[in-house]
Amino acid sequence: MKEQSRLIRNQAPRSHNREHSVPLYLTSSFIFDDAEQGRAIFADEEDGNIYSRYSNPNTTEFIDKVCNLEGAEAGLAFSSGMAGIFASLAGLLRSGDHIIACRSVFGSTHQLLNQLFPRWGITYTYVDASQPETWEAAILPETKMIFLETPSNPGLELIDLEWLGGFKKKYPHIILNVDNCFATPYLQKPLQYGIDLVVHSATKYMDGQGRVLGGIVCGKAELIKELMFFIRHTGPAMSAFNAWLLSKSLETLTLRMDRHCSNALKLAEMLEEHPDVEVVRYPHLPSHPQYDLAKKQMKQGGGIVTFNVKGGFDRAKSFLDELKMILFTSNLGDSRSIATHPASTTHSKLNDAERLAIGIAPGSIRISVGLEDAEDILEDVRQALDNSK
Ligand SMILES: *Cc1c(COP(=O)(O)O)cnc(C)c1O
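What counts and how
Residues numbered from 1 in each chain as written. Predicted model: local features only at pLDDT ≥ 70, side-chain atom pairs only at ≥ 80, totals over all residues. Heavy atoms only, no water. Helix = DSSP H or I, 4+ residues; strand = E, 2+ residues; numbered from the N terminus. Rg over C-alpha atoms; globule rule 2.2 N^0.38 Å. Buried < 20%, exposed > 50% of the residue type's maximum accessible area, 1.4 Å probe, protein only. Contact = heavy atoms within 4.5 Å. Areas by Shrake-Rupley, 256 points an atom, 1.4 Å probe, with all protein chains shown as cover. Lys, Arg positive; Asp, Glu negative; His and termini not counted. Charge placed at Lys NZ, Arg CZ, Asp CG, Glu CD. Phe/Tyr/Trp six-rings, centres within 6.5 Å; stacked < 30°, edge-to-face > 60°. Pairing = 2+ DSSP bridges. Axes fitted to C-alpha atoms, helices over the stretch in contact; angles between N-to-C directions. Core = buried A, V, L, I, M, F, W, Y, C linked by side-chain atoms within 4.5 Å. Domains from an automatic or database assignment. Near = heavy atom within 4 Å. Polar contact = N/O pair within 3.5 Å; in protein donor to acceptor, adjacent residues only side chain to side chain. Expected span 1.5 Å × (residues − 1). Buried area = accessible area lost by both parts, 1.4 Å probe. Salt bridge = Lys/Arg side-chain N within 4 Å of Asp/Glu carboxyl O.

*Asks:* Any chance you could break down the overall build of the protein chain for me, citing the residues and the numbers?
*Replies:* Scanning the protein chain from N- to C-terminus turns up 14 helices and 12 strands. Its C-alpha atoms give the protein chain a radius of gyration of 22 Å, within 12% of the compact-globule value 21 Å for 389 residues. Each of the three principal axes of the protein chain carries a C-alpha extent, and together these read 75 × 55 × 35 Å. Counting all 389 residues of the protein chain, 56% fall into the buried class. Intrachain contacts of the protein chain at a sequence separation of at least 6 include 72% that bridge at least 24 residues. Of the accessible surface of the protein chain, which amounts to about 17,100 Å², a share of 52% is contributed by carbon and sulfur atoms. Taking the average location of the 39 positive side-chain charges in the protein chain and that of its 48 negative ones, the two points are 2 Å from each other.

Pasting the structure below:
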């Protein structure tokens with residue numbers, strides 16, 4: 001079956017009730033037919049569920065669908081994107097190890113690297129996505145992982161995944177770990193370039209409707225096996241309910257992404273023509289400095305558009321207040337369009353220079369473009385630009 005059909009048809013085994021839609025398996029544990037089966041499943045000689053902290057039919061179905069999309073050998077589901085990101089580092093690294101990460105990683109990932117991991121003797125170096133020539137110099141003998149996001153949030157800078165995959169040939173012991181949340185595996189498949197692990201916040205486009213939290217890590221089977229040990233005994237498991245809901249959502253992921261992307265492109269084109277807008281960033285806009293790379297590694301440009309309003313900080317805040325339909329909330333990848341002002345919220349703890357290094361100006365606005373009629377989205381943004389000061 002083709003990729004899209006497998007998203008619909010990959011399904012937990014049908015029960016004796018002959019259900020069409022997959023039931024929700026709300027059970028903490030699973031019974032064994034006899035003592036011998038219990039022994040064999042515990043000994044990993046036979047596949048089977050034991051306890052929902054380890055696996056559950058709903059989480060297995062969700063993982064199968066994401067692995068199918070990413071082209072991954074194996075995966076694990078988590079209670080949130082951050083639980084997955086934390087496990088993908090803590091489960092594979094030890095004291096004395098070093099991580100290279102791009103400066104523009106997600107805010108909580110940034111806190112993990114600079115506040116929490118140093119407590120356990122794991123150090124990091126930040127590199128700039130826009131200066132790939134500096135990355136190799138950052139590699140130390142104890143470097144064990146390179147962690148990055150592409151496109152970045154909210155600057156929408158890209159990293160060339162094929163170029164990154166080249167590191168694997170030169171430094172085979174370094175684990176390449178990519179947060180693929182913004183692009184989704186429908187638009188971009190890092191594993192095909194030789195990347196080892198992909199992490200996602202399923203909270204975003206995978207749910208797509210702003211309802212539940214979830215995370216997933218997938219990639220090389222040997223690494224996932226090592227992580228399995230970590231999660232079995234630390235317990236960041238995804239709930240069966242969230243897995244059931246997220247698996248249903250994946251059935252429509254590609255349809256939703258097509259609409260997110262076409263609406264986002266229309267908004268980006270409108271903004272580029274607007275006299276009160278200074279810079280518009282959207283990967284599939286010809287004015288994006290990495291347009292050719294975006295065309296090569298992303299099937300479409302994604303659902304996020306970032307732009308700078310003339311008038312800076314105060315104008316950007318006024319713009320948010322003038323929006324009528326689009327709401328201001330800290331999420332993205334929802335069916336409803338969302339606007340945020342990074343300089344006064346998610347990135348307010350950084351100074352101006354640090355913000356500029358990751359593409360955030362005082363007047364930067366990030367819009368997560370939803371599934372409403374494009375005309376209504378454009379109209380709301382246009383009237384807020386006209387009425388803000
Ligand atoms: C939201 C997000 C996360 C964190 O995911 P949660 O599900 O909120 O824990 C990590 N990376 C990126 C790029 C995100 O957008």
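Still to come is the rest of the account.
*Asks:* Could you give an account of the packing of aromatic side chains, naming the residues involved and the relevant values?
*Replies:* Under the defined criterion, the tally for this structure stands at 12 aromatic pairs. A centroid spacing of 6.4 Å and a plane angle of 65 degrees characterise the contact between phenylalanine 86 and tryptophan 120, whose relative ring orientation is edge-to-face. One end of the pair, phenylalanine 86, is in helix α4 (residues 81-90); the other, tryptophan 120, is in the loop between α5 (107-116) and β3 (123-127), with 34 residues separating them in the sequence. By relative accessible area, which is 41% here, tryptophan 120 ends up partly exposed.

*Asks:* I'd like to hear about the sheet that holds strand β5 (residues 175-179), residue by residue, with values.
*Replies:* In spatial order, the strands read β1-β7-β6-β5-β4-β2-β3; together these seven strands make up an open sheet with mixed pairing. Among the strands making up the open sheet, the edge pair consists of β1 (74-78) and β3. Along the sheet, successive strands turn relative to each other by an average axial angle of 20 degrees, direction set aside. Along the sheet, helix α8 (residues 221-234) contacts β1, β5, β6 (197-201) and β7 (215-219); its crossing angle with β1, the most-contacted strand, is approximately 30 degrees.

*Asks:* How would you explain the nonpolar core if you had to name every residue and give the values?
*Replies:* Judged by nonpolar contacts, the single largest core of 62 residues is most densely connected at Phe62, Leu267, Leu271, Val305, Phe307, Phe319 and Val381. Per-element accounting of this core gives the leading share, eight residues, to helix α10 (residues 253-273). Of the domains in this structure, domain 1 (3-250) and domain 2 (253-387) are the two that each give at least three residues to this core. Look past the residues within four positions of valine 381 in its chain and what remains in contact with it is Leu267, Met270, Leu271, Phe319, Leu323, Ile326 and Ile367.

*Asks:* Explain the pairing of strand β12 (residues 364-368) to me, using residue names and the numbers behind them.
*Replies:* Among the five residues that make up β12, five are buried, leaving the element largely enclosed by the rest of the structure. Neither face of β12 is left uncovered, since the one carrying Ser364, Arg366 and Ser368 and the one carrying Ile365 and Ile367 both have all their residues buried. Bridge count between strand β9 (residues 304-309) and β12: five bridges; the pairing is antiparallel. Note on β12: the bridge partner recorded for isoleucine 304 is serine 368.

*Asks:* Report on the site of the ligand, specifying residues and quantitative values.
*Replies:* Around the ligand, 13 residues are found, and the nearest of them are Met82, Asp179, Ser201, Thr203 and Lys204. Measuring from an oxygen atom of the ligand, one finds a backbone N or O atom of glycine 81 at 2.9 Å. A distance of 2.7 Å separates an oxygen atom of the ligand from a polar side-chain atom of lysine 204. When residues of the shell around the ligand are assigned to their parent elements, the largest contribution, three residues, is made by α4.

*Asks:* Break down α8 for me, citing the residues and quoting the values.
*Replies:* Here α8 is 14 residues long and its end C-alpha atoms lie 20 Å apart, about the 20 Å a rise of 1.5 Å per residue gives. Residues of α8 that are buried: Leu223, Ile224, Leu227, Phe230 and Ile231. Buried residues in α8 make contact with β1, α4, β5, β6 and β7. A positive backbone phi angle near 80 degrees is found at glycine 235, which sits one or two residues after α8.

*Asks:* How would you summarise the domain arrangement of the protein chain if you had to cite specific residues and measurements?
*Replies:* With domains assigned, the protein chain is organised as domain 1 (3-250) and domain 2 (253-387). Of note, the centres of domain 1 and domain 2, computed from C-alpha atoms alone, are 27 Å apart. Contact residues are listed per partner, giving 35 residues for domain 1 and 38 residues for domain 2. A combined buried area of about 3,200 Å² lies between domain 1 and domain 2, and 58% of that area is made up of carbon and sulfur atoms. At the junction of domain 1 and domain 2, the tally comes to two salt bridges. At the surface where domain 1 touches domain 2, the tally comes to 17 residue pairs in polar contact (both at pLDDT 80 or more). Elements with a contribution of two residues or more to the side of domain 1 that touches domain 2: α1 (3-9), α6 (161-170), α7 (184-187) and α9 (240-250).

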